[in-house]
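# Chain and residue survey
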Amino acid sequence: MTLNIEVLETSFQLVEGSNQDFSTAFYANLLGDYPEVKPLFANTRMDEQGNHLFDSLKFVVGNLRNSELLEKTLKGLGTRYVKYGVLPQHYPLVGNSLLKTLAELAGDAWTPDVKQAWVDAYTVITTVMLDGANYPADILKLTEEKA
């Protein structure tokens, strides 16, 4: 999949100076739309978590042209998220909340092309992170049984 890097970089500039607004809106969307993920954040300082999220997003957008570093970093995040209890079915929830938040903050600049660029980017991000996650078979088996 080829990413529309220019659109991703340009559209991110619309929210880049809005760390707090983005983080607040993202977690309001995620936890409001998907209350089942609240236990994942039970022992989390949400202000710090919001900063980590935004820094990660800035890192991704800033390194779209450095695929080697980006892939290595995203695989590492995927591995780490397993330890936090994040499961494969959580990734689409985060993606939906990310798109919703970006759309809210971008306003009229959120066009179908911009949305598609972010859908494509999140698809690649998820694929790489899940590749790095290397979930134990028993976790995946439980996930499959729930589905």
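Residues numbered from 1 in each chain as written. Predicted model: local features only at pLDDT ≥ 70, side-chain atom pairs only at ≥ 80, totals over all residues. Heavy atoms only, no water.

## Focus: the side chain of His90
Counting through the fold element by element, His90 comes out in helix α5 (residues 90–106). Under the relative-accessibility criterion, His90 is labelled buried at 12%. Leaving out residues up to four positions away in the same chain, His90 has contacts with Val37, Leu40 and Gly85. (Helix = DSSP H or I, 4+ residues; strand = E, 2+ residues; numbered from the N terminus. Buried < 20%, exposed > 50% of the residue type's maximum accessible area, 1.4 Å probe, protein only. Contact = heavy atoms within 4.5 Å.)

## Comments concerning α5
An ideal rise of 1.5 Å per residue puts 24 Å on 17 residues; α5 measures up with 24 Å between its terminal C-alpha atoms. All of the buried residues along α5 are His90, Tyr91, Leu93, Gly95, Ser97, Leu98, Leu99, Thr101, Leu102 and Ala106. Of the residues trailing α5, Gly107 is marked for its positive phi of about 60 degrees. (Expected span 1.5 Å × (residues − 1).)

## Here we look at the packing of helix α1 (residues 5–13) against helix α3 (residues 46–62)
Where α1 contacts α3, the axes come no closer than 10 Å and their chain directions differ by 145 degrees. Judged by the twist between their axes, the crossing of α1 over α3 is left-handed. Taken together, the residues of α3 that come into contact with α1 (itself represented by Leu8, Glu9 and Phe12) are Phe54, Leu57, Lys58 and Val61. Residues that form the contact of α1 with α3 fall into these classes: 5 nonpolar, no polar and 2 charged. (Axes fitted to C-alpha atoms, helices over the stretch in contact; angles between N-to-C directions. Left-handed = near helix turned anticlockwise from the far one by under 90°. Nonpolar A, V, L, I, M, F, W, Y, C, P; charged D, E, K, R; others polar.)

## Topic: the nonpolar core
Soluble globular proteins: nonpolar side chains tend toward being buried together. Of all hydrophobic cores here, the largest spans 40 residues; its most connected members are Leu30, Leu74 and Trp118. Within the residue set of this core, elements represented by two or more residues are α1, α2 (19–33), α3, α4 (67–83), α5 and α6 (112–133). When residues of this core are assigned to their parent elements, the largest contribution, 9 residues, is made by α6. Here Trp118 is in contact with Leu8, Ser11, Phe12, Leu57, Val61, Leu99, Leu102 and Trp110, once residues within four sequence places are set aside. (Core = buried A, V, L, I, M, F, W, Y, C linked by side-chain atoms within 4.5 Å.)

## Topic: the packing of aromatic side chains
For the structure shown, the criterion picks out 6 aromatic pairs. With centroids separated by 5.5 Å and ring planes inclined at 75 degrees, the aromatic side chains of Tyr27 and Phe41 adopt a geometry described as edge-to-face. In this pair, Tyr27 sits in helix α2 while Phe41 sits in the loop between α2 and α3, placing the two residues 14 residues apart along the sequence. In this structure an aromatic cluster arises from ring pairing among Phe12, Phe22, Phe26, Tyr27, Phe41 and Phe54. (Phe/Tyr/Trp six-rings, centres within 6.5 Å; stacked < 30°, edge-to-face > 60°.)

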